[in-house]
2 protein chains.
Amino acid sequence: MSGVSKVAVSTLRKLISDGHLKPGEKLGEVQVAEMLGVSRTPIRLAFRTLEQEGLLEKAGKQGFVVRAFSREDVICGLEIRGVLEGLAARKMAEAGLTVTDKAALQQCIDDGDALFAKEHPTEVDLLNWSEINARFHGVIVKGAGSRAIADAIARNSHLPFASSDSIIFDTRHVDREFRKLHLAHLQHQMVFQALVMGEGARAEMLMREHAYIGLRYGGLFGLPEALES
Amino acid sequence: MSGVSKVAVSTLRKLISDGHLKPGEKLGEVQVAEMLGVSRTPIRLAFRTLEQEGLLEKAGKQGFVVRAFSREDVICGLEIRGVLEGLAARKMAEAGLTVTDKAALQQCIDDGDALFAKEHPTEVDLLNWSEINARFHGVIVKGAGSRAIADAIARNSHLPFASSDSIIFDTRHVDREFRKLHLAHLQHQMVFQALVMGEGARAEMLMREHAYIGLRYGGLFGLPEALES
DNA sequence: AATCAATTTATTGGATCCATTGTTCTTATC
DNA sequence: GATAAGAACAATGGATCCAATAAATTGATT
């Protein structure tokens, strides 16, 4: 699955999360194939992949439709990520941090400290945090030393808001967003402390709580029952 | 994806879990297509599905190989199932059991009581428990009322020992196995009690602990580092 | 006019074909 | 004799073709 097929998957993923393909919309193979200028074959492969990822679902007997996500789905997605990354953090703490992982996490903390020392954040700083955040979570996901856990998290990272490395900002209110993100950084610091001290249960609890911050990122507190993004 | 393609997926799944296709074995599309007597097209679709499920993985650049699972992978698989079903149980308890769910769970408890009242269990009784067990877990998985959680659990149920409805018995020692299963039934009773009383945190904790009983089912305490089943 | 049936059309699933790429075997040169 | 380069081969990815099935439209009958 190289080239066209992979491109088709990521293209459709983006089209769905961007809302260009609306929830409930029926997708035909020929239609999408012509849209992307390729034959039906890679589209068929892409549809199966996206079905497994949960972004598409079979519509009755014929064709696929874009999956609709309710507010409850999104919250459960965050909770799922929370328990899985919490499990990863616990196992990481129990096994003891490697010097490499500890250094990488320390770097994330330092970078965050430097970032949030700024008095007048810009839009770029939001993206910088996004990168730091993704790095931090990435170290923990891999740091559990379990392919099974990393895979499970990856499998659940395609749903909207469920991925730790795709934060959606409200770029109109940079400093308000910046303050929200600062809380995330403080949580990272606490998780890091627990990991270093080998406190598995505490690291797990903190990661689970940390997942809920997605509700703030996405402004999901006031999210309508049916997402139409 | 009906007919041949679906059959190909389940056939390959069975061949892998049965050990007829050994871990690390390279699978070619033409080879498998001829083996199953179909063309390459449904095999290609099946390979992508099995890759997503984590049973196959790309070997370098060309071809797929059967994924090898270590003892650690299996244990992590159980833990993943534990945290996910724990999450489901907690949300179920928090939302309050529906009368339907409560009745269904009660029925599982009653059936288990009747089963384990037997003094001289037979091999069939092991299978009976397997059905009761699957029913109990199924009610909880669905009972969380979240499509997202049910999907996440389903996505993680294809790995060896990770599914709650595929228990592997040692049929040579029926009553020893029967005693192991009795412990599972007692755990079900406690989970049921917590759910009825709306004790979400306790229900979650109990479900997480309950997942580890897979280590006893599969006799994984003495499992070799590299599974070659 | 409404409903049921039949025919036609559109769409998906499977098979085959072609091209591109990775691998391997052979040969030639150092 | 070993290594590198080139050629032959095998296998995957993409496109096209054919068959089967579901949906839709039209026509006929009540």
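Let us look at the structure shown here. Just so it is clear, the model here is predicted, and its values are computed rather than measured.

A short note on the overall build of chain A
Along its length, chain A carries 10 helices and 3 strands. In chain A, the succession of α and β elements from N to C terminus is α-β-α-α-β-β-α-α-α-α-α-α-α. In chain A, once contacts between residues fewer than 6 apart in sequence are set aside, the share between residues at least 24 apart is 73%. For chain A, the exposed area adds up to about 10,600 Å²; of that, 55% sits on carbon and sulfur atoms.

Some details on the sheet that holds strand β3 (residues 64-66) of chain B
All names here are of chain B. Spatial ordering of the open sheet is given by β1-β3-β2, a layout of 3 strands whose pairing is antiparallel. The sheet is open, and its two edges are formed by β1 (26-27) and β2 (56-58), each paired on a single side. Sheet topology note: the β1/β3 ladder contains 2 bridges and is antiparallel. Within β3, the position partnered with K26 by the bridge is V65.

Concerning the sheet that holds strand β1 (residues 26-27) of chain A
Residue and element names in this part refer to chain A. The strand order across the open sheet built from 3 strands is β1-β3-β2, with neighbouring strands paired in antiparallel fashion. Since the sheet does not close on itself, it has two edges, and those belong to β1 and β2 (56-58), each with one partner. Where β2 meets strand β3 (residues 64-66), 3 bridges bridge the pair, whose relative direction is antiparallel. Each bridged residue has a counterpart across the sheet, and for L56 the counterpart in β3 is V66. Packing against the sheet, helix α3 (residues 40-53) makes contact with β1, β2 and β3, and its axis sits at approximately 100 degrees to β2.

Overview of the relation of the copies chain A and chain B
After a rotation of 180 degrees and a shift along the axis of 0.0 Å, chain A superposes on chain B with an RMSD of 0.1 Å. Look at the turn and shift together and you get a two-fold axis relating the two. Mapped onto chain B, 100% of the interface residues of chain A again fall at the interface, so both copies present the same surface.

Comments concerning helix α5 (residues 99-116) of chain B
All names here are of chain B. Helix length check: α5, at 18 residues, gives a terminal C-alpha distance of 26 Å against a target of 26 Å (1.5 Å per residue), a fit within 8%. All buried positions along α5 are accounted for by D101, L105, C108, I109, G112, L115 and F116. Viewed along the axis of α5, the buried residues span an arc of 125 degrees, placing them on a single side of the element. When the buried face of α5 is taken as reference, the exposed residues oriented beyond 90 degrees from it are V99, T100 and A114.

Considering the packing of helix α5 (residues 99-116) of chain A against helix α6 (residues 123-143) of chain A
Residues and elements named next belong to chain A. The N-to-C vectors of α5 and α6 enclose an angle of 160 degrees; their axes lie 10 Å apart at closest approach. With respect to α6, the element α5 is oriented roughly antiparallel. Between α5 and α6 the crossing geometry is left-handed. Contacts between α5 and α6 involve D101, A104, L105, Q107, C108, I109, D111, G112, L115 and F116 on the former and, on the latter, D125, N128, W129, I132, R135, F136, V139, I140 and G143. In terms of residue class, the contact of α5 with α6 is built from 11 nonpolar, 4 polar and 4 charged.

Considering the packing of aromatic side chains
Here the structure, examined in full by the defined rule, presents 6 aromatic pairs over all chains. Among the aromatic residues, ring-to-ring pairing joins F116, W129 and F178 of chain A into one connected group.

So, the interface of chain A and chain B
The partner chain B presents 36 residues to the 36 residues of chain A that form the contact. Taking both sides of the interface into account, the surface hidden between chain A and chain B amounts to around 3,300 Å²; carbon and sulfur atoms contribute 50%. Where chain A packs against chain B, one counts 10 salt bridges. Residue R67 of chain B is joined to D151 of chain A by a salt bridge in which the shortest nitrogen-to-oxygen separation is 3.5 Å. Our enumeration of links across chain A and chain B arrives at 14 residue pairs in polar contact (both at pLDDT 80 or more). Where the side of chain A that touches chain B is concerned, the elements lending two or more residues are α3, β2, α4 (71-95), α7 (147-155) and α9 (200-211) of chain A. With 10 residues, α4 of chain A is the single largest residue contributor to the side of chain A that touches chain B.

Side note on the pattern of salt bridges
Residues and elements named next belong to chain A. Within the structure shown, the criterion is met by 36 salt bridges over all chains. We note a salt bridge from E204 to R90, for which the minimum N-O separation is 2.9 Å. With E204 in helix α9 and R90 in helix α4, the pair connects residues that are 114 residues apart, well separated along the chain. A relative accessible area of 12% places R90 in the buried class.

Some thoughts on the packing of helix α4 (residues 71-95) of chain B against helix α7 (residues 147-155) of chain B
Geometry of a packed helix pair, given as the angle between the helix axes and the separation of the axes. Residues and elements named next belong to chain B. The interhelical angle for the contact between α4 and α7, taken along N-to-C directions, is 160 degrees, at an axis separation of 10 Å. Considered as vectors, α4 and α7 are oriented roughly antiparallel to each other. Judged by the sense of rotation from one axis to the other, the crossing of α4 with α7 is left-handed. Of α7, the residues touching α4 (which contributes L84, E85, L87, A88 and K91) are I149, A152 and I153. When its residues are assigned to classes, the contact of α4 with α7 shows 6 nonpolar, no polar and 2 charged.

Reading the values: rules and limits
Residues numbered from 1 in each chain as written. Chains lettered and ligands numbered in written order. Predicted model: local features only at pLDDT ≥ 70, side-chain atom pairs only at ≥ 80, totals over all residues. Heavy atoms only, no water. Helix = DSSP H or I, 4+ residues; strand = E, 2+ residues; numbered from the N terminus. Contact = heavy atoms within 4.5 Å. Areas by Shrake-Rupley, 256 points an atom, 1.4 Å probe, with all protein chains shown as cover. Pairing = 2+ DSSP bridges. Axes fitted to C-alpha atoms, helices over the stretch in contact; angles between N-to-C directions. Least-squares fit on C-alpha atoms with pLDDT ≥ 70 in both. Expected span 1.5 Å × (residues − 1). Buried < 20%, exposed > 50% of the residue type's maximum accessible area, 1.4 Å probe, protein only. Arc of directions from axis to C-beta. Parallel < 35°, antiparallel > 145°, perpendicular 65-115°, else oblique. Left-handed = near helix turned anticlockwise from the far one by under 90°. Nonpolar A, V, L, I, M, F, W, Y, C, P; charged D, E, K, R; others polar. Phe/Tyr/Trp six-rings, centres within 6.5 Å; stacked < 30°, edge-to-face > 60°. Buried area = accessible area lost by both parts, 1.4 Å probe. Salt bridge = Lys/Arg side-chain N within 4 Å of Asp/Glu carboxyl O. Polar contact = N/O pair within 3.5 Å; in protein donor to acceptor, adjacent residues only side chain to side chain.

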